[in-house]
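Chain residues, written in single-letter form:
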Amino acid sequence: MMDSRTLKVSDGRAKIQVLEAGHGPDLVFFHGAGGVTAMDPFLDALSRRFRVKAPLLPGYGESDGGDNFRTMLDITLLGLDILDALKVENPLVVGHSMGGMLAAEMAATAANDIKRLALIAPAGLWLDAHPIPDVFAALPADYPALLFHDVKLGEQLITAGVNLDDHEFLRGFLIQASRQLGFAGKMLFPIPDRGLSERLYRIKAKTLLIWGDDDKLIKPVYAKAFREKIRNTDYVEIKNAGHMVTLEQPEAVISALARLAA
Amino acid sequence: MKFTWFHLMPWPHLPDDFREKHRSVWVDIPSTIYDPVRGHAVYNEYLDQLEYADSLGFDAIGVNEHHQNAYGLMPSPNIMAASLARRSSKSALMVLGNSIALYNPPIRVAEEFAMLDVISGGRLCAGFPVGTSMDTNYCYGTVPALTREKYAEAHDLIIKAWTQDGPFPFNGRYNKLRYVNCWPKPIQNPHPPVFIPGGGSIETWDFCLDHDYNYSYLSYSGYLRGRKLLDGYWERAAQKGKDNSPYRAGFAQIICVGETDAEAEKLYAEHCSYFYNRCLHIYGGFADAPGYRTIKTIQANVLSQMTPTEAAKLPLTPWKELVEQRMVVAGGPETVRQQLEELIKDLRVGHLFCLFQIGNMPGDKVRHSTKLFAEKVMPKLKNIWPDHADDNRFWIKPIQKRAVPARLAMEAAQ
């Protein structure tokens with residue numbers, strides 16, 4: 001269980017909940033469209049090696065103020081404002097999926113400030129030959145197969161306890177989806193490409209790309225597209241893992257991050 | 001009481017195994033199912049039906065906008081309304097409406113609606129829907145959480161373009177226009193009556209009440225279920241100190257009139273089944289993009305959100321239940337009159353959007369039902385709101401001396 005506090009950032013326009021735990025090198029983690037909670041097993045494992053700060057974007061957890069942020073630039077500057085507010089010296093900036101897209105945008109925008117960057121199956125690029133499935137039209141029952149190599153594990157972690165035939169549950173579910181994916185849609189809907197490919201050249205950070213070898217949402221072929229544009233990259237492909245490589249193979253992800261931090 | 005003869009223009013040739021073979025009638029329905037040569041006959045037959053309704057004295061003939069679907073084939077309702085403007089003479093043209101968040105720039109709507117109003121001599125009712133999530137988000141790619149803000153700005157721009165002398169600059173968030181200058185301007189002054197079709201978002205109530213626009217609820221689950229929503233609307237109107245003129249509200253209803261109740265079932269049941277089974281076969285993932293509805297609306301629980309299991313059962317609803325639950329108002333003229341009287345008074349609506357062409361219903365049946373309604377039902381309901389007979393705030397104000405298209409003039413002379 002991680003500690004939690006809230007910050008006011010971006011001239012008071014956003015309230016940001018930050019999950020914190022651990023000791024070691026500073027690491028700031030930007031979550032994917034599904035969000036993270038204080039109980040997240042990946043963050044828990046990560047906090048055994050790093051001093052982890054995981055800010056939640058508006059719409060996730062207690063974070064709020066999403067209506068004030070519309071474009072990718074708005075959200076990139078929000079990310080940088082959060083980074084400032086966290087007051088950490090030269091942290092390892094890590095982002096997963098949507099959070100990877102945001103971290104890459106931040107590193108391209110504030111190229112001199114972000115020195116070490118890890119992108120875990122980041123969104124942000126689009127290859128016509130490898131279209132990314134539409135998560136906004138997917139139903140909860142579709143998520144395990146889309147996001148996990150081990151679909152059974154995905155079912156346990158994601159769909160267990162989901163009962164959309166219960167009216168109360170359904171309403172709560174819809175409210176959460178509306179808050180979270182409503183905000184995520186500003187970056188990802190309907191196609192998760194806001195022109196990042198034209199900005200990646202600006203990134204000066206030493207960059208590590210991490211991918212699950214069985215990622216069915218954003219296929220590993222996207223790693224190549226990122227590496228072609230970012231000048232200083234390393235790549236780690238992790239076996240037996242899908243898009244939620246952080247949950248399926250947390251130790252392998254954390255070892256790769258530790259090597260980047262060293 | 002105002003009666004609009006409303007057309008959805010569904011594709012009537014969906015195969016019998018459509019539900020089994022395809023996940024959705026909307027968004028990703030294979031375009032190969034559409035046959036343009038058959039489409040030629042379909043469009044022309046549907047326009048004939050609307051013109052027929054004009055000739056029978058309906059207050060308005062209605063069209064609307066949907067995209068990439070077999071439920072309603074009017075990506076551009078203005079094209080249909082333009083055709084009707086020249087081929088009808090009395091009815092209002094109810095365009096319900098243009099999904100204004102989708103037009104770039106939305107000044108296009110101000111221009112086209114003004115054209116329709118001018119061509120028709122001031123007979124346009126201007127509908128401004130937000131648009132379904134299928135149309136707005138999945139077909140036209142609008143970011144769900146930005147849809148309503150874009151909509152509100154488009155509305156402000158259009159009304160300003162109609163009511164303010166041009167040119168003037170408009171510095172919006174989504175529209176930067178140095179020279180807004182609407183040519184032509186609408187005949188109706190300050191602008192055509194505005195109709196807002198709502199799918200159940202409660203923010204829309206305040207919007208309609210603040211501007212004195214008509215609020216119309218469009219659903220296919222019948223007026224017994226629509227009541228919760230309209231009750232909320234009237235409650236809000238009272239809170240805001242607004243009068244309770246029924247012309248502030250409208251409701252859409254499927255109506256099937258036969259000589260008798262038995263004839264109605266015999267003639268129309270199969271077409272209602274086609275409609276509920278195939279035309280409403282919408283994949284759950286396309287129904288409501290996350291962020292499209294506001295949290296306030298979901299929390300208010302006025303939508304009676306159906307669970308996936310309930311939604312799956314809806315198409316299989318047998319005729320008897322469709323009629324009992326008033327999803328369909330059907331029967332002989334007296335049955336239909338009674339039920340509609342109940343609907344109109346219960347919901348307190350001054351506008352009824354009547355759907356007579358259902359699913360794959362052929363033209364002869366459509367005309368049969370329409371004629372019985374126009375002759376035996378409509379006259380008895382016409383004066384149901386005597387206390388509000390003079391309230392013309394929510395209706396068209398056509399000019400008296402209107403041009404008559406040459407061809408219609410020739411037909412009239414014969």
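Preceding block: the structure.
Residues numbered from 1 in each chain as written. Chains lettered and ligands numbered in written order. Predicted model: local features only at pLDDT ≥ 70, side-chain atom pairs only at ≥ 80, totals over all residues. Heavy atoms only, no water.

## A word on the environment of W319 of chain B
Residue and element names in this part refer to chain B. The test is simple: Each helix is a run of DSSP H or I of at least 4 residues and each strand a run of E of at least 2, with the numbering of both proceeding from the N terminus. Exposure classes here rest on a 1.4 Å probe applied to the protein chains alone. A residue is buried below 20% of its type maximum, exposed above 50%, and partly exposed in between. Note on contacts: a residue pair is in contact if any heavy atoms of the two residues lie within 4.5 Å.
Counting through the fold element by element, W319 comes out in helix α12 (residues 319–324). Overall, the relative accessible area of 14% leaves W319 in the buried class. Spatially, the C-alpha atom of W319 lies 8.7 Å from that of E270, the residues being 49 residues apart in sequence. When neighbours within four sequence positions are excluded, W319 is seen to be in contact with A264, E265, Y268, A269, C272, V328 and A330.

## A look at the interface of chain B and chain A
Operational definition: When two parts are brought into contact, each loses some accessible area as probed by a 1.4 Å sphere; the total of that loss over both is the buried area. The rule for a salt bridge is simple: a side-chain nitrogen of Lys or Arg has to be within 4 Å of a carboxyl oxygen of Asp or Glu. Polar contacts here mean pairs of N or O atoms no more than 3.5 Å apart (in protein, one a potential hydrogen donor and the other a potential acceptor; neighbouring residues in sequence count only if both atoms are side-chain atoms). Each residue is assigned to one of three groups, with Ala, Val, Leu, Ile, Met, Phe, Trp, Tyr, Cys and Pro labelled nonpolar, Asp, Glu, Lys and Arg labelled charged, and all others, Gly among them, labelled polar.
Opposite the 28 residues of chain B that make contact, chain A presents 24 residues. Both sides of the chain B and chain A interface together cover about 2100 Å² of buried area, and 66% of this is carbon and sulfur. The largest per-residue losses of area from chain B upon contact with chain A belong to P290, I295 and I298 of chain B, which jointly make up 24% of the total buried on that side. When the shortest N-O distance is used, the salt bridge between E149 of chain B and R70 of chain A registers 2.6 Å. At the junction of chain B and chain A, the tally comes to five residue pairs in polar contact (both at pLDDT 80 or more). Listed by contribution, the elements that provide at least two residues to the side of chain B that touches chain A are α5 (133–139), α10 (295–300) and α11 (308–313) of chain B. In terms of residue class, the side of chain B that touches chain A is made up of 13 nonpolar, eleven polar and four charged.

## Overview of the pattern of salt bridges
Residues and elements named next belong to chain B. For the structure shown, the criterion picks out 34 salt bridges over all chains. Between D231 and R227 there is a salt bridge whose closest N-O contact spans 3.4 Å. Note that D231 and R227 are positioned in helix α8 (residues 223–239) at a spacing of four residues, about one turn of the helix. In this structure D231 comes out as partly exposed when scored by relative accessible area, which is 34%. Here D243 makes a salt bridge to R393, at a shortest N to O gap of 3.0 Å. With D243 in the loop between α8 and β9 (249–257) and R393 in the loop between α14 (363–381) and α15 (406–413), this pair connects stretches of sequence that are 150 residues apart. Residue classification places D243 among the partly exposed residues on the basis of a relative accessible area of 33%. Taking relative accessible area as the criterion, R393 reaches 39% and is therefore assigned partly exposed. One network of salt bridges, with partners in common, ties together D212, K242, D243, R248, D391 and R393.

## Observations concerning the packing of helix α7 (residues 203–211) of chain B against α8 of chain B
All names here are of chain B. For the record, the criterion: Axis definition: a line fitted to C-alpha atoms, over the contacting stretch in the case of helices. Angles run 0 to 180 degrees between N-to-C directions. Oblique is the label for any angle not under 35 degrees, not over 145, and not in the 65 to 115 range, which are roughly parallel, roughly antiparallel and roughly perpendicular in turn. In this scheme the crossing of two helices becomes right-handed for a clockwise turn of the near helix relative to the far one and left-handed for an anticlockwise turn of less than a right angle.
At a minimum axis distance of 10 Å, the contact between α7 and α8 shows a crossing angle of 45°. Here α7 lies oblique to α8, going by the angle between them. Relative to α8, α7 is oriented so that their crossing is right-handed. Contact with α7, carried on its side by W205, D206 and L209, involves L229, G232, Y233, R236 and A237 of α8 and no other residues of that element. Looking at side-chain class alone, the contact of α7 with α8 contains five nonpolar, one polar and two charged residues.

## Quick word on the nonpolar core
What counts is decided by this rule: Remark: nonpolar core denotes a set of buried residues (Ala, Val, Leu, Ile, Met, Phe, Trp, Tyr, Cys) joined through side-chain atoms within 4.5 Å.
If you look at the biggest cluster of nonpolar residues, it comprises 231 residues, and the most contacted ones within it are L257 of chain A together with F128 and F373 of chain B. Here this core takes nine residues from helix α9 (residues 261–279) of chain B, the largest share from any one element. The residues contacting F373 of chain B, other than those within four sequence positions of it, are F3, F58, I255, V257, V336, L340, C354, F356, M378 and P379 of chain B.

## Observations regarding helix α2 (residues 36–55) of chain B
All names here are of chain B. As a reminder of what qualifies: In this scheme, a helix's expected span is set at 1.5 Å multiplied by one less than its residue total.
The first and last C-alpha atoms of α2 sit 28 Å apart over 20 residues, in line with the 28 Å expected at 1.5 Å per residue. Taken residue by residue, α2 has G39, V42, Y46, L47, Q49, L50, E51, A53 and D54 as its buried positions. As for α2, its buried residues are in contact with β1 (2–6), β2 (60–63), α3 (77–87) and α14. Just beyond α2, the residue with positive phi is G57, at close to 95°.

## Here's the deal with unusual backbone geometry
All names here are of chain A. Of note, the amide linkage connecting F189 to P190 takes the cis form, showing an omega dihedral of -15°. Relative to the helices and strands, P190 is located in the loop between α6 (167–188) and β7 (206–212). We note that S97 has phi near 60°; this positive angle belongs to a residue other than glycine. Here S97 shows up in the loop between β5 (92–96) and α3 (98–109). Classification of S97 as buried rests on a relative accessible area of 10%.

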